[in-house]
There are 2 protein chains.
Amino acid sequence: MANQLTYTVAVVGATGAVGQQMIKILEERDFPIKQLKLLASGRSAGKTVRFKGQDVVVEEATPDSFAGVDFALFSAGGAVSKELAHHAVRHGAVVIDNTSAFRMDPDVPLVVPEVNMEAAFKHKGIIANPNCSTIQMVAALKPLYDRYGIDRIIVSTYQAVSGAGASAIQELLTQTRDVLDGKQPECKVLPVGKLPVHHPIAFNAIPQIDVFTDNGFTYEEMKMVNETKKILGDDSVLVSATCVRIPVVYGHSEAVYVELKQDYDLDEVKSLLEQAPGIVLVDQPEEQRYPLATDAAGKLDVFVGRVRRDLHHPRGLHMWIVSDNLLKGAAWNTVQIAEELIKARA
Amino acid sequence: MANQLTYTVAVVGATGAVGQQMIKILEERDFPIKQLKLLASGRSAGKTVRFKGQDVVVEEATPDSFAGVDFALFSAGGAVSKELAHHAVRHGAVVIDNTSAFRMDPDVPLVVPEVNMEAAFKHKGIIANPNCSTIQMVAALKPLYDRYGIDRIIVSTYQAVSGAGASAIQELLTQTRDVLDGKQPECKVLPVGKLPVHHPIAFNAIPQIDVFTDNGFTYEEMKMVNETKKILGDDSVLVSATCVRIPVVYGHSEAVYVELKQDYDLDEVKSLLEQAPGIVLVDQPEEQRYPLATDAAGKLDVFVGRVRRDLHHPRGLHMWIVSDNLLKGAAWNTVQIAEELIKARA
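Definitions and cut-offs
Residues numbered from 1 in each chain as written. Chains lettered and ligands numbered in written order. Predicted model: local features only at pLDDT ≥ 70, side-chain atom pairs only at ≥ 80, totals over all residues. Heavy atoms only, no water. Salt bridge = Lys/Arg side-chain N within 4 Å of Asp/Glu carboxyl O. Helix = DSSP H or I, 4+ residues; strand = E, 2+ residues; numbered from the N terminus. Buried < 20%, exposed > 50% of the residue type's maximum accessible area, 1.4 Å probe, protein only. Pairing = 2+ DSSP bridges. Axes fitted to C-alpha atoms, helices over the stretch in contact; angles between N-to-C directions. Contact = heavy atoms within 4.5 Å. Domains from an automatic or database assignment. Buried area = accessible area lost by both parts, 1.4 Å probe. UniProt positions renumbered as here; feature names shortened; annotations may be inferred. Polar contact = N/O pair within 3.5 Å; in protein donor to acceptor, adjacent residues only side chain to side chain. Least-squares fit on C-alpha atoms with pLDDT ≥ 70 in both. Parallel < 35°, antiparallel > 145°, perpendicular 65-115°, else oblique. Left-handed = near helix turned anticlockwise from the far one by under 90°. Nonpolar A, V, L, I, M, F, W, Y, C, P; charged D, E, K, R; others polar. Disulfide = S-S within 2.5 Å. Phe/Tyr/Trp six-rings, centres within 6.5 Å; stacked < 30°, edge-to-face > 60°. Lys NZ or Arg CZ within 6 Å of the ring centre and 35° of its normal.

Residues and elements named next belong to chain B. The tally for this structure, following the rule as stated, stands at 41 salt bridges over all chains. As a salt-bridge pair, E220 and K223 come within 3.7 Å of each other at their nearest N and O atoms. Of this pair, E220 and K223 are both found in helix 6 (residues 219-232), three residues apart, which corresponds to roughly one turn of the helix. Assigned by exposure class, E220 and K223 land together as buried. For K343, the salt bridge identified is with E340, shortest N-O distance 3.1 Å. Separated by three residues within a single helix, K343 and E340 lie in helix 9 (residues 327-345), roughly one turn from each other.

See below:
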């Protein structure tokens, strides 16, 4: 970046799956960093993390950790954000929070830069990063929303275990090897670590992500319903979701059916997607080309394919949306918000 | 079975993934067999298969293999069915065909016993077994169709590799071990063996099953559209499908959204599902109980859970439908049709 100013950046949850990706992206993007502060729970304090050829020591995150911090990127769970984000703001930092702690707070903008960066500029200290499954869907639907309007969305997800953290990745890999070796897989983490019942994820599909709400939908599904409305700033957009965990390590896939408000031209839809920022259209079925989780892993973009007209509803459209849930779905979207804030200041 | 009569049964494709399951089910159900003829390609002729404690030698399937055969169960690919089914009929056999060869033939009933067994009784020699992904969906929706009527269905599938045959199972297992061992996975079978491009299935989700049609949907997706109408005998039922292969060995899962023709009571829906033949309701989200592929594997039933009212559409309903694709989706549905034909004769 050409910007001459440099910033002190704190990563809270530096040793977690998302925190690690944040540090990697800050380095890869050559984010203008004066000082990098790596914060985590007392358990992880003292560990070192490599950044730009140097070992940075992880410190315990406390209310006083944020003096001089310009950007505090939180990804250490909702409880930590609720406890410490306001202290970071008190010290003058802009908090970009990757947990669900503040997402539906009316005073906190919920931001996907390609969709509603203008909301971020009105922050009062905290900006929330949406849920991974919401980000990639809304980013892909935004150009269609702007052109045609959206009545409703019905989405089924195929979500990677990395969304449940490093322990879920380890569980999938260990279980998978055990099953291949004819052993009984041990289940301790998925679908939800803190709940009493655990199911195998190796060679399985678990239709539960996060806990259930009273209406029979899970919190993960309700996040897609509510966050989509908030990001688009439009309560009339109706979302129904079924969120499913599958044996994939990196990359969420989504089968999305959308009913637009107006008639559409399919070639125009594809052209809008091709031109949209952060979106890559991968849609040559005749060459068997469509987005795949294994191709999206490690990339920053949202990949869209299988774009096709519904067989029955004149305004119905189907698509397959894939992105790396730890990157655009979490770490990259967070760093991207900070980059955009800096650009606007320059 | 109490029936005193016994029958000569031929299994065509005896060494394939479905054929093996057919033989197992014939034994487990104590099907009243006088003689079991195992038929396959010349390549498999001479192999032996264990049946009721005896070795049965596999013979090459030819036009003259069917003398004296009462039931010929075909599962050796569409080309073999097209070549040999009529010879079996000529010899007086009832053909129950598990391929797509005759499914949409107006002279051939397409049968799920719980849904439209009456159609089977009107056969002219050949009865078709529907596609695996269709069978479990239609079986689960039938009680709701009868009570409320169905306007439309939007389904996303999570399909096991065994639906693509024994070579696809082997490919998933080999690729998975290679990835765990840090090796590059070799891709030769999925998504479609005969097509030029192959994608990894280990730790991935492939949004292609069967080849693409001109409208952007795959044949697998169009099977769900067209077979559902034929089985229900109602062209007004609209289906839209996205069919996806995931790293599961046995058991297809489906996220199904259905719009009924009439208002419904959710408790009544659950009660109808509980009472429906061949359906098991597994739906206690508060105890994290819902159908799972790993639980359905090896069972004959169709498992339904996550039954919940849509958040927006007054007649909209969501459910999660899981069944063993090789059993109710193939081998068991085939043998079940034969059992029902015998019962009706008794």
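Now that the structure has been shown, we can carry on.
Residue and element names in this part refer to chain A. Strand order in the open sheet formed by six strands is 10-9-11-14-13-12, with mixed pairing between adjacent strands. Each having just a single partner strand, strand 10 (238-242) and strand 12 (279-281) make up the two edges of the open sheet. Taken pair by pair, the neighbouring strands of this sheet meet at an average axis angle of 25°, ignoring direction. Relative to strand 14 (residues 316-323), strand 13 (residues 302-309) is paired through six bridges, and the arrangement is antiparallel. What sits directly across from V302, in strand 14, is S323. Packing against the sheet, helix 4 (residues 132-148) makes contact with strand 9 (150-158), strand 10, strand 11 (252-260), strand 12, strand 13 and strand 14, and its axis sits at approximately 30° to strand 11. Each of strand 9, strand 10 and strand 11 touches helix 6 (residues 219-232); the most contacted strand, strand 10, lies at about 160° to it.

Take the domain arrangement of chain A next. All names here are of chain A. Here chain A is described as being made up of domain 1 (7-130 + 330-345) and domain 2 (134-325). The distance between the C-alpha centroids of domain 1 and domain 2 comes to 25 Å. Facing the 20 residues of domain 1 at the interface are 16 residues of domain 2. With both chains or domains summed, domain 1 and domain 2 bury close to 1,500 Å², and 70% of this area falls on carbon and sulfur atoms.

Before going further, it helps to spend a moment on the UniProt feature "binding site: phosphate" (unreviewed entry) in chain A. All names here are of chain A. In the numbering used here, UniProt assigns the feature "binding site: phosphate" (unreviewed entry) to R103. Take R103: it is sitting in the loop between strand 7 (94-97) and helix 3 (113-120). Accessibility expressed as a relative area gives 5% for R103, which makes it buried. Not counting residues within four places of it along the chain, the set of residues in contact with R103 comprises N98, V108, L110, A128, N129, P130, N131, K223, E227 and K230. Among the polar contacts made by the side chain of R103, one reaches the main-chain carbonyl oxygen of N98 at a distance of 3.1 Å.

Overlaying chain A with chain B gives an RMSD of 0.0 Å, the required rotation being 180° about an axis along which the chain moves by 0.0 Å. Both copies are brought into coincidence by an operation consistent with a two-fold rotation axis.

Here we come to the interface of chain A and chain B. Between chain A and chain B, the contact holds 63 residues from the first and 63 residues from the second. Between chain A and chain B, roughly 5,200 Å² of surface is buried when both sides are summed, and carbon and sulfur atoms account for 61% of that area. By the criterion of area lost to chain B, the three top residues of chain A are A:F203, A:Q288 and A:R306, representing 13% of everything that side buries. Our count for the chain A to chain B interface comes out at seven salt bridges. A salt bridge links A:R306 to B:E221, with the nearest nitrogen and oxygen atoms 2.8 Å apart. Our count for the chain A to chain B interface comes out at 39 residue pairs in polar contact (both at pLDDT 80 or more). At the level of elements, strand 9, helix 5 (166-180), helix 6, strand 10, strand 11, helix 8 (293-296), strand 13 and strand 14 of chain A are the ones that each hand at least two residues to the side of chain A that touches chain B.

This part is about the sheet that holds strand 5 (residues 59-60) of chain A. Residues and elements named next belong to chain A. With parallel pairing, the six strands of this open sheet are ordered in space as 5-2-1-6-7-8. One side of each edge strand has no neighbouring strand; the edge strands of this open sheet are strand 5 and strand 8 (126-128). Across three bridges, the pairing between strand 7 and strand 8 is parallel. By the bridge assignment, V95 is partnered in strand 8 with I126. Packed onto the sheet, helix 2 (residues 78-90) meets strand 1 (7-12), strand 6 (71-74), strand 7 and strand 8 and runs at close to 175° relative to strand 6.

What follows deals with the packing of helix 3 (residues 113-120) of chain B against helix 9 of chain B. For any two helices packed against each other, one specifies the inter-axial angle together with the distance between the axes. Residues and elements named next belong to chain B. Where helix 3 meets helix 9, the axes come as close as 11 Å, and the angle between the chain directions of the two elements is 50°. When the interaxial angle is binned, helix 3 and helix 9 end up oblique. In this structure, helix 3 meets helix 9 at a crossing whose hand is right-handed. When helix 3 is examined against helix 9, the residues P113, E114, M117 and A120 are found in contact with a partner set consisting of K328, N333, Q336, I337, E340 and L341. In the contact of helix 3 with helix 9, the residues fall into five nonpolar, two polar and three charged.

Tallied over the entire structure, the rule returns zero disulfides over all chains. This cysteine, A:C243, is not joined by any disulfide, and A:C132 carries the nearest cysteine sulfur, 8.7 Å off.

The tally for this structure, following the rule as stated, stands at 13 aromatic pairs over all chains. Here the aromatic rings of B:Y148 and B:Y264 are separated by 6.3 Å at their centres, their planes lie at 70°, and the arrangement is edge-to-face. In this pair, B:Y148 sits in helix 4 (residues 132-148) while B:Y264 sits in the loop between strand 11 (252-260) and helix 7 (266-275), placing the two residues 116 residues apart along the sequence. The residues B:Y148 and B:Y264 share a single accessibility class, namely buried. Between A:R309 and the ring centre of A:Y264, over which it is positioned, the NZ or CZ distance is 4.1 Å.

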